[in-house]
Structures are given as C-alpha cells and as structure tokens.
Amino acid sequence: SAEAEEELGDLFFAIANLARKMGIHSETALRKANDKFQDRFETMERAITSEGRAIADLSCDELDTRWNAAKEATRGVHGNTKHTKDTKRSTKEEH
C-alpha cells in the first residue's frame, strides 16, 4: 500500500541518518551488503544446480537450509561482518 511504502521510506531515511551519525557511509555499507547477498545467492544456486535441481523446485525449508549453508561457505569472504573501517565515512567523502 502507499502508506506502507511511505513508512518504509521514512525507515530508510532514519537508518541513513543513524549511519551518518555513526560515521558510516550508508551507500558503501549497502553496496557491501548487496555484494554479500549476491555471493551467497550464487553459491546457493551453484550448489542446487550442480544436483540437477532448480531453485523453484525447493521448499521454503530447503531454501532456508541451503541459504544457511551458503552463508557458512561465504563467511569471511567480505571481511568481518561487524563494523569495519571501509564503511566509515572519510572527511573527503562527506561533501
């Protein structure tokens, strides 16, 4: 609904503002999260297709299990999942 969309927009804005106050460059953090998601999804997809199966054929429970396995397989690929220097906004990036 339009109301839910507006509320979600407000939430995104609040999160970006929080990131700014914490010295985190929100766009960089989002790009890293997207990269991590893509790597996990592709890892899961390769494992499934290597068995001659399709993602669409798996149940939600099977997908959850595969997702968790992909998370474990890719852990550490993108560095520490906690706060890192790379997501910190430098003075030059601020303006």
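Residues numbered from 1 in each chain as written. Predicted model: local features only at pLDDT ≥ 70, side-chain atom pairs only at ≥ 80, totals over all residues. Heavy atoms only, no water.

A.B. asks: Lay out the pattern of salt bridges with the relevant residues and their values.
C.D. replies: The tally for this structure, following the rule as stated, stands at four salt bridges. Here Glu 62 and Arg 53 are joined by a salt bridge, their closest N and O atoms 3.3 Å apart. (Salt bridge = Lys/Arg side-chain N within 4 Å of Asp/Glu carboxyl O.)

A.B. asks: Tell me about the environment of Ala 33, residues and numbers included.
C.D. replies: For Ala 33, the location among the structural elements is in helix α2 (residues 26-49). Measuring from C-alpha to C-alpha, the distance between Ala 33 and His 78 comes to 9.2 Å, with 45 residues separating the pair along the chain. (Helix = DSSP H or I, 4+ residues; strand = E, 2+ residues; numbered from the N terminus.)

A.B. asks: So what's going on with a negative patch on the surface? Residues and values would help.
C.D. replies: The grouping of Glu 3, Glu 5, Glu 6, Glu 7 and Asp 10 at the surface amounts to a negative patch. Mapped onto the elements of the fold, Glu 3 is located in helix α1 (residues 2-22). For Glu 3, a relative accessible area of 63% puts it in the exposed group. (Patch = residues over 30% accessible without salt bridge, like charges linked within 9 Å, V, L, I, M, F, W, Y side chains within 5 Å. Areas by Shrake-Rupley, 256 points an atom, 1.4 Å probe, with all protein chains shown as cover. Lys, Arg positive; Asp, Glu negative; His and termini not counted. Charge placed at Lys NZ, Arg CZ, Asp CG, Glu CD. Buried < 20%, exposed > 50% of the residue type's maximum accessible area, 1.4 Å probe, protein only.)

A.B. asks: I'd like to hear about the environment of Arg 20, residue by residue, with values.
C.D. replies: By the element assignment, Arg 20 lies in helix α1. On the basis of relative accessibility, which here comes to 48%, the residue Arg 20 falls in the partly exposed class. Reaching out from Arg 20, the side chain makes a polar contact with the side chain of Asn 17 at a distance of 2.7 Å. (Polar contact = N/O pair within 3.5 Å; in protein donor to acceptor, adjacent residues only side chain to side chain.)

A.B. asks: Tell me what's going on with the packing of aromatic side chains, and back it up with residues and numbers.
C.D. replies: Applying the stated criterion across every chain, the model contains two aromatic pairs. Ring geometry for Phe 37 and Phe 41: centres 6.1 Å apart, planes at 20 degrees, overall stacked. On the criterion of helical spacing, the pair formed by Phe 37 and Phe 41 is a turn pair, its members being four residues apart in helix α2. Judged by relative accessible area, Phe 37 falls into the partly exposed class, the value being 48%. Ring geometry for Phe 37 against Trp 67: centres 5.3 Å apart, planes inclined by 40 degrees, an arrangement best described as tilted. Taken together, the residues span a long stretch of sequence, with Phe 37 in helix α2 and Trp 67 in helix α3 (residues 60-74) at a distance of 30 residues. With a relative accessible area of 21%, Trp 67 lands in the partly exposed category. Taken together, Phe 37, Phe 41 and Trp 67 form an aromatic cluster joined through their ring pairs. (Phe/Tyr/Trp six-rings, centres within 6.5 Å; stacked < 30°, edge-to-face > 60°.)

A.B. asks: With reference to specific residues and values, describe the side chain of Arg 40.
C.D. replies: Summarising the element assignment, Arg 40 is placed in helix α2. For the buried Arg 40, no salt bridge is present, and the opposite-charge side chain at shortest range is Asp 39, 8.1 Å distant.

A.B. asks: Which residues make up the confidence of the model for the protein chain, and what are the values?
C.D. replies: For the protein chain, mean pLDDT is 86; residues scoring 70 or higher make up 82% of the total. Taken together, the stretch residues 81-95 has pLDDT below 50 and engages in 23 contacts with residues farther than four places along the chain or on a different chain. (pLDDT = per-residue confidence, 0-100. Contact = heavy atoms within 4.5 Å.)

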